[in-house]
Amino acid sequence: MKGYFTDFEGNRLYDLDEPVWKAPNDSPLNIYFPIKIDPLRIKNRKYNLWRYREAIPLNDDRNIISFDEGFTPLLKFMLNGRTVFIKQDHLFQTGSYKDRGAAVLISKVKELGIRKVVQDSSGNAGASVAAYCAKAGIECEIFVPAQTSRSKLKQIEMYGARLFKINGSREDAASAAFERAEKFYYASHCRNPFFFQGTKTFAYEICEQLNWKSPDAVILPAGNGTLILGWYLGFKDLILSGITEKLPKIIAVQAERCAPLKAAFDLKSYKIPVIKKNDTIAEGIAIAEPVRGEQMMKIIYESDGKVLTVSEEEIVTEWKNMSRRGFYIEPTSAATIAGMSKYLESASEDELIVTTFTGSGLKSSLK
Ligand SMILES: *Cc1c(COP(=O)(O)O)cnc(C)c1O
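Residues numbered from 1 in each chain as written. Predicted model: local features only at pLDDT ≥ 70, side-chain atom pairs only at ≥ 80, totals over all residues. Heavy atoms only, no water.

### Notes on the pattern of salt bridges
Here is step 1 of the chain: Applying the stated criterion across every chain yields a total of 29 salt bridges.
Here is step 2 of the chain: The closest approach of N and O atoms between Asp 26 and Lys 22, which form a salt bridge, is 2.8 Å.
Here is step 3 of the chain: The class for Asp 26 is partly exposed, based on a relative accessible area of 34%.
Here is step 4 of the chain: In this structure, a network of salt bridges that share partners links the residues Lys 116, Glu 139, Glu 141, Arg 162 and Arg 180. (Salt bridge = Lys/Arg side-chain N within 4 Å of Asp/Glu carboxyl O. Buried < 20%, exposed > 50% of the residue type's maximum accessible area, 1.4 Å probe, protein only.)

The following block contains the structure:
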């Protein structure tokens, strides 16, 4: 099947081989590329995310840039007396699940013959894009807020990317990159839809690791929504494939101090209201103006899910709890676990619940 780029209404705009990343009106693009997953066909393939090769819109295998990433362990885990499953996505090459998206996006960049990209990030997406560009021999420029964790900045520089530290907010870094993207291809994790063609493998893997069973609820962080939107795309394919019938409830977790989706949820709205943004220890989800905010809200409502917020104290408590059990994750990941802890208070007994460790603690230790 040959996919194509669409606008938010699903109208066809461009072929996937055009080097574009936005619609004529500047809004982000989507990719239409539904695919049927055949469990028998992939059964004996290598355990990485490329085992779902047919689902990844790349023409030629020779363009694949890969560290053999994916198929991270899905651990059974006791939390507050309940059994849940946690996908260990902090174990990727660069220390976060963003490698799923970068693997597919940078492979496509190579296929398009692009020699240089720009990207903006609060750290992890920049590190992923920089690492895959290093492997592909593609030049890259990464725009970050100057107050990003030092270890993430160091990591990005070590990969050989050109780092631009922007004095200002996460949104200021995004505007600077957006401007630069008039000249160079924008390998943005939130705008460029190829990134989501990688994060959707998160859903396939979890379903396969549960023996092709679907969870009842999934607890996911909500910043720019690369996991939430990827999860949705992946699950739509699983439903189309006849593997499962229903979309699990999506429980989106935000930091209380920066919670635009929660504000929309409380208003029962799709539109994201303007919020006051405060600093939070969960730097990876401190996104006040998510470019795909409405898209995320639509999915959360469709799944019969909700938006939860967690306080700074709750994040730190869960960060410590996880560390004491031997899991050194970053505070942003601890926010998701704090959200799960909260969700469990009202979950029914028999619910199959899944969440993830999104990033390694090793990258956020130095402020
Ligand atoms: C990017 C990131 C998130 C949040 O993902 P969004 O795509 O912004 O919703 C959560 N945790 C970590 C560690 C991240 O790097």
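Now, onward.
### Side note on the packing of aromatic side chains
Here is step 1 of the chain: Per the stated rule, a full pass over the model turns up 18 aromatic pairs.
Here is step 2 of the chain: Taking 4.6 Å as the distance between ring centres and 10° as the angle between the ring planes, the aromatic pair formed by Phe 143 and Phe 164 counts as stacked. Here Phe 143 is found in strand β7 (residues 139-145), whereas its partner Phe 164 is found in strand β8 (residues 162-166), with 21 residues between them in sequence.
Here is step 3 of the chain: Taking relative accessible area as the criterion, Phe 143 reaches 5% and is therefore assigned buried.
Here is step 4 of the chain: Clustering of aromatic rings is evident, with ring pairs tying together Phe 5, Tyr 14 and Phe 194.
Here is step 5 of the chain: Directly above the aromatic system of Trp 21 lies the positively charged group of Lys 22, at a separation of 5.6 Å from the ring centroid. (Phe/Tyr/Trp six-rings, centres within 6.5 Å; stacked < 30°, edge-to-face > 60°. Helix = DSSP H or I, 4+ residues; strand = E, 2+ residues; numbered from the N terminus. Lys NZ or Arg CZ within 6 Å of the ring centre and 35° of its normal.)

### A closer look at the state of the cysteines
Here is step 1 of the chain: Considering all chains together, one arrives at 0 disulfides under this definition.
Here is step 2 of the chain: Cys 133 provides the cysteine sulfur closest to Cys 140, a residue in no disulfide bond, and the two sulfurs are 4.2 Å apart.
Here is step 3 of the chain: Taking the relative accessible area as the measure of exposure, Cys 140 reaches 6% and is therefore buried. (Disulfide = S-S within 2.5 Å.)

### Looking at the sheet that holds strand β6 (residues 116-120)
Here is step 1 of the chain: The strand order across the open sheet formed by 4 strands is β8-β7-β6-β9, and the pairing between neighbours is parallel. Taken across any chain shown, the strands that pair with only one partner, and hence form the sheet edges, are β8 and β9 (185-186).
Here is step 2 of the chain: Direction of pairing for β6 relative to β7: parallel, over a ladder of 5 bridges. What sits directly across from Val 118, in β7, is Glu 141.
Here is step 3 of the chain: Strands in contact with helix α4 (residues 150-158) are β7 and β8; relative to β8, the strand with the most contacts, it is inclined by about 150°. (Pairing = 2+ DSSP bridges. Contact = heavy atoms within 4.5 Å. Axes fitted to C-alpha atoms, helices over the stretch in contact; angles between N-to-C directions.)

### Points about the packing of helix α3 (residues 124-136) against α4
Here is step 1 of the chain: Contact geometry for α3 and α4: axes closest at 9 Å, N-to-C directions at 15°. By the angle class used here, α3 and α4 are roughly parallel. Along this stretch, α3 crosses α4, giving a crossing that reads as left-handed. Residues Asn 124, Gly 126, Ala 127 and Ala 130 of α3 touch α4, and the partners they reach there are Lys 152, Gln 155 and Ile 156.
Here is step 2 of the chain: Tallied by class, the residues present in the contact of α3 with α4 amount to 3 nonpolar, 3 polar and 1 charged. (Parallel < 35°, antiparallel > 145°, perpendicular 65-115°, else oblique. Left-handed = near helix turned anticlockwise from the far one by under 90°. Nonpolar A, V, L, I, M, F, W, Y, C, P; charged D, E, K, R; others polar.)

### Regarding the site of the ligand
Here is step 1 of the chain: Surrounding the ligand, one finds 16 residues, the nearest of these being Lys 98, Asn 124, Asn 224, Gly 225 and Thr 226.
Here is step 2 of the chain: Between the ligand and Lys 98 there is a distance of 2.7 Å, counted from an oxygen atom to a side-chain nitrogen or oxygen.
Here is step 3 of the chain: Between the ligand and Asn 124 there is a distance of 2.6 Å, counted from an oxygen atom to a side-chain nitrogen or oxygen.
Here is step 4 of the chain: Class assignment of the residues belonging to the shell around the ligand gives a composition of 5 nonpolar, 9 polar and 2 charged. (Near = heavy atom within 4 Å. Polar contact = N/O pair within 3.5 Å; in protein donor to acceptor, adjacent residues only side chain to side chain.)

### Things to note about the side chain of Asp 99
Here is step 1 of the chain: In this fold, Asp 99 is placed in helix α2 (residues 98-111).
Here is step 2 of the chain: One buried charged side chain, Asp 99, makes no salt bridge at all; its nearest oppositely charged neighbour is Lys 363, positioned 6.7 Å away.
Here is step 3 of the chain: Within the local environment of Asp 99, its side chain forms a polar contact with the side chain of Ser 128, the two groups lying 2.4 Å apart.
Here is step 4 of the chain: Residues within four places of Asp 99 in sequence aside, it is in contact with Phe 92, Gln 93, Thr 94, Ser 128 and Tyr 132. (Lys, Arg positive; Asp, Glu negative; His and termini not counted.)

### Some details on the sheet that holds strand β3 (residues 30-32)
Where strands meet in a sheet, backbone hydrogen bonds hold them as pairs that are either parallel or antiparallel.
Here is step 1 of the chain: Spatially, 3 strands are ordered β2-β1-β3 in an open sheet, and the strand pairing comes out antiparallel. This sheet does not close on itself; its edge strands, each paired only once, are β2 (12-15) and β3. Averaged over all pairs of adjacent strands, the angle between their axes in this sheet comes to 40°, without regard to strand direction.
Here is step 2 of the chain: Relative to β3, strand β1 (residues 4-6) runs antiparallel, the two sharing 3 bridges. Paired with Phe 5 across the strands is Ile 31, a residue of β3.

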